[in-house]
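Survey of secondary and tertiary structure
One-letter residues, chain by chain:
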Amino acid sequence: MLDIWFLMKLTIVIPVYNEKDTLEELCQRVAAVDLGEIEKEIILVDDGSTDGTHDILKKFEDEGYRVIYQEKNQGKGAALRTGFEQATGDIVIVQDADLEYDPTEYPKILQPIIDGRADVVYGSRFVGDAPHRVLFFWHYLGNRFLTLLSNMCTNLNLTDMETCYKAFRREIIQQVNIRENRFGFEPEITAKVARMKVRIYEVGISYFGRTYEEGKKIGWKDGVRAFWCIIKYRFVS
């Protein structure tokens, strides 16, 4: 349960692309999270899914979720850009449509913002004692390298720049001009919030990664793009 002293609203932005096997369970988990007096606004952005996800989204649309349909697949960054523009909550958090991240951890991610200590909070998979599925060594090494390079360019000391769980005060995220359409969103947003001189916190989270056979989408080309974005957004606003 969150410790709050005034009513707030949380917007949860969920980019969706071909997630018919996990979407329904994920949405049920998000809806079930107990945030006390905090109102939840759930925005699902379908990024041109072709696997039957559309039919599941129509069901949630009928149940009161906000569903936005992109005509063609553009990428996670494009879907988030659309979702952020539509957000009306005091705080905005990113939630992937798979089951790698646990929505029950929202309270500890949000608490530094609610306490007035933070403007942005990253959920780190590399701090704390929460459970983590053991998977790909080279993904881990690549993540740590990209985070290190990002820190060198931003003068931050993050441990997990590539994490899905990022929460923002709405007025912060809606000030950012997001250019990247795919996974380059992660280094881009990190560089841009660092330049804004806002208060950034990290909290430890669990991680239940999936294999490519289970639907994982990020690949080595995205790692190359992330490298380029770290350098690019060190200088480009």
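Given the structure is predicted, the values throughout are model-derived calculations rather than measurements. (Residues numbered from 1 in each chain as written. Predicted model: local features only at pLDDT ≥ 70, side-chain atom pairs only at ≥ 80, totals over all residues. Heavy atoms only, no water.)

1. Side note on the side chain of Lys 76
Going by this rule: Helix and strand definitions here come from DSSP, where helices need a minimum of 4 consecutive H or I residues and strands a minimum of 2 consecutive E residues; each element is numbered from the N-terminal end. The definition of a polar contact used here is a pair of N or O atoms within 3.5 Å, where within protein one atom must be able to donate a hydrogen and the other to accept one, and adjacent residues in sequence count solely through side-chain atom pairs. In what follows, a contact means two residues having at least one pair of non-hydrogen atoms within 4.5 Å.
Its location among the elements puts Lys 76 in helix H3 (residues 76–86). At 3.1 Å, the side chain of Lys 76 and the side chain of Glu 186 are in polar contact. The residues contacting Lys 76, other than those within four sequence positions of it, are Pro 15, Asp 47, Val 94, Asp 96, Cys 164, Asn 181, Arg 182, Phe 183 and Glu 186.

2. Thoughts on the layout of surface pockets
Threshold: Only protein atoms enter the 1 Å grid used here, on which a cavity is any set of points holding a 1.4 Å probe that cannot leave and a pocket is any open set flanked by protein within 12 Å on both sides along at least five of seven lines; residues with an atom within 4 Å of a point are listed as lining. Grid points are joined across faces, edges and corners, and a volume is the space filled by probe spheres set on the points. Side-chain classes follow a simple rule in which Ala, Val, Leu, Ile, Met, Phe, Trp, Tyr, Cys and Pro form the nonpolar group, Asp, Glu, Lys and Arg form the charged group, and the remainder, Gly included, forms the polar group.
Approximately 250 Å³ is the volume found for the second largest pocket. If you go around the second largest pocket, the residues you meet are Cys 153, Thr 154, Asn 155, Leu 156, Ala 191, Ala 194, Arg 195, Lys 197, Val 198, Ile 200, Tyr 233 and Arg 234. For the lining of the second largest pocket, the elements supplying multiple residues, two or more each, are helix H5 (137–154) and helix H7 (185–195). It is H7 that contributes the most residues to the lining of the second largest pocket, 3 residues altogether. Across the lining of the second largest pocket, the residue classes break down as 7 nonpolar, 2 polar and 3 charged.

3. As for H7
Here is the rule: Working definition: with a 1.4 Å probe on protein chains only, accessible area under 20% of the residue-type maximum means buried, over 50% means exposed, and in between means partly exposed.
Of all 11 residues in H7, 10 are buried, a share of seventy percent or more. When we look at burial in H7, the residues that qualify are Phe 185, Glu 186, Pro 187, Glu 188, Ile 189, Thr 190, Ala 191, Lys 192, Val 193 and Ala 194. Two residues or fewer after H7 comes Lys 197, characterised by a positive phi angle close to 60 degrees.

4. Details of the sheet that holds strand E4 (residues 91–94)
For clarity, the cut-off: Two strands make a pair as long as DSSP finds a minimum of two bridges between them. Axes here mean lines fitted to C-alpha atoms, for a helix over just the part in contact, with angles spanning 0 to 180 degrees between N-to-C directions.
Spatially, E3-E2-E1-E4-E6-E5-E7 is the arrangement adopted by the 7 strands of the open sheet, whose pairing is mixed. For this open sheet the edge positions go to strand E3 (66–70) and strand E7 (200–204), each flanked by a neighbour on one side alone. Each strand of the sheet is rotated relative to its neighbour by a mean of 20 degrees, with strand direction disregarded. Sitting on the sheet, H3 is in contact with strand E1 (9–16), strand E2 (39–47), E3 and E4, with an inclination near 145 degrees to E2. Contacting strand E5 (120–124), strand E6 (166–169) and E7, H7 crosses the sheet at an angle of about 35 degrees to E6.

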